[in-house]
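Summary of the model geometry
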Amino acid sequence: MVYDIRTYGDPVLRKEALPVDEINDEIIEIIDNMVESMREAGGVGLAAPQVGVSKRIFVIDIEDGIVRKVINPEFLEFSKEIVEHEEGCLSVPGVYKKVKRPARVKIKYTNEKGEVVIEEAEGLLSRAFQHEADHLDATLFVDKLSPVAKRMVSKKLQALKKESEKKEI
């Protein structure tokens, strides 16, 4: 099942996601639907809050042959080196801006089989881990923009917010 992706202005995107206590059939179904939804939308990652599920889950497919199904992630290390790259987000359609993030990360998470995974990442995978984990903490990439960059996209964000508010009615 393909989920609708919530967009900027939807309150669920500003709510901190809750930990997953048990990996059961419902959680597996949510994850499988998230993978399908991410692919349908053409994204490289998707966090549960983006589909209206306030759980600490995200999926990533950077086309390296591995679909990462991440539950209750925890960052263990961030590199001191900071890199700036353009980001976009399925929940902020049409907005692409450069964001500064640590170049490399070490992350610990549980996969859909209940196995604990520790992974070191750099490049696109590192950025995707950080971007999706931000969603779980109610942070969007536009929150990380400089004041000047924020002003440049403010009209687009206001339009998205109005559109999102119309959907709630």
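Described in the following lines is the structure provided in the data block. Because the structure is a prediction, the values reported are computed rather than measured.

**What about a nonpolar patch on the surface?**
There is a patch of nonpolar side chains on the surface, built from Leu-76, Val-116 and Ile-118 and spanning about 270 Å² of accessible area. Along the chain, the position of Val-116 falls in strand β7 (residues 116-122).

**Section: the nonpolar core**
Counting 16 residues, the largest nonpolar core has Phe-58, Ile-60, Tyr-109, Leu-125 and Phe-129 as its most contacted members. Discounting residues that sit within four places of it in the chain, Ile-60 has contacts with Met-38, Val-44, Gly-45, Ile-66, Val-67, Arg-68, Leu-125, Ala-128, Phe-129 and Glu-132. Judged by nonpolar contacts, the second largest core, of 15 residues, contains Ile-30, Ile-31, Ile-57 and Ile-71.

**Comments concerning the side chain of Lys-69**
Mapped onto the elements of the fold, Lys-69 is located in strand β3 (residues 68-78). When sequence neighbours within four positions are dropped, the list of residues in contact with Lys-69 reads Ile-31, Asp-32, Val-35, Phe-58, Val-59, Tyr-109, Thr-110, Asn-111 and Glu-112.

**Here we look at the packing of aromatic side chains**
The description of an aromatic ring pair uses the distance of the two centres, along with the angle that the planes make with each other. Enumeration according to the criterion identifies 3 aromatic pairs in this entry. Taking 6.1 Å as the distance between ring centres and 45° as the angle between the ring planes, the aromatic pair formed by Tyr-109 and Phe-129 counts as tilted. Residue Tyr-109 is found in strand β6 (residues 104-110), and its partner Phe-129 is found in helix α2 (residues 123-136); the two are separated by 20 residues along the sequence. Assessed through its relative accessible area of 5%, Tyr-109 is described here as buried.

**Observations concerning the sheet that holds β7**
Overall, antiparallel pairing links the 5 strands, which are arranged β1-β2-β3-β6-β7 in an open sheet. Because the sheet does not close on itself, it has two edges, and the strands there are β1 (45-47) and β7. The average angle at which neighbouring strand axes cross in this sheet is 40°, direction not considered. As defined by bridge partners, β3 adjoins β6 across 5 bridges and the pair is classed as antiparallel. In the sheet register, Phe-75 faces β6, and the bridge partner there is Ile-107. Each of β1, β2 (57-60) and β3 touches helix α1 (residues 25-41); the most contacted strand, β2, lies at about 40° to it. Against the sheet, α2 touches β1, β2, β3, β6 and β7, its axis set at about 155° to β2.

Reading the values: rules and limits
Position numbers for residues start from 1 in each chain and track the written sequence from start to end. Totals for whole chains, interfaces and linings use every residue, but because this is a predicted model, local features are given only for residues with pLDDT of at least 70 and side-chain atom pairs only at 80 or more, for both listing and counting. Side-chain numbers here rest on the full set of heavy atoms in the structure, without hydrogens or water. Only residues whose relative accessible area exceeds 30% and that form no salt bridge are eligible for patches; like-charged ones are grouped when within 9 Å, while nonpolar side chains (Val, Leu, Ile, Met, Phe, Trp, Tyr) are grouped when within 5 Å. Accessible surface is estimated by sampling points in the Shrake-Rupley manner with a 1.4 Å probe; for residues, cover comes only from the protein chains shown. What counts as a salt bridge is simple: a side-chain nitrogen of Lys or Arg found within 4 Å of a carboxyl oxygen of Asp or Glu. A run of H or I in DSSP counts as a helix once it spans at least four residues, and a run of E counts as a strand once it spans at least two, with each numbered from the N terminus. Here the nonpolar core consists of buried residues drawn from Ala, Val, Leu, Ile, Met, Phe, Trp, Tyr and Cys, with membership extended through side-chain atoms lying within 4.5 Å. Exposure is judged per residue with a 1.4 Å probe applied to protein chains only, and the accessible area is read against the type maximum: over 50% gives exposed, under 20% gives buried, and values in between give partly exposed. Contact criterion: two residues are considered in contact whenever any of their non-hydrogen atoms come within 4.5 Å of each other. When two rings of Phe, Tyr or Trp (its six-membered ring) have centres within 6.5 Å they constitute a pair, described as stacked for plane angles under 30 degrees, edge-to-face for angles over 60, and tilted for the intermediate range. By the convention used here, strands pair only if DSSP detects at least 2 bridges between them. Note on geometry: axes are lines fitted to C-alpha atoms, helical ones only across the stretch in contact, with angles between N-to-C directions running from 0 to 180 degrees.

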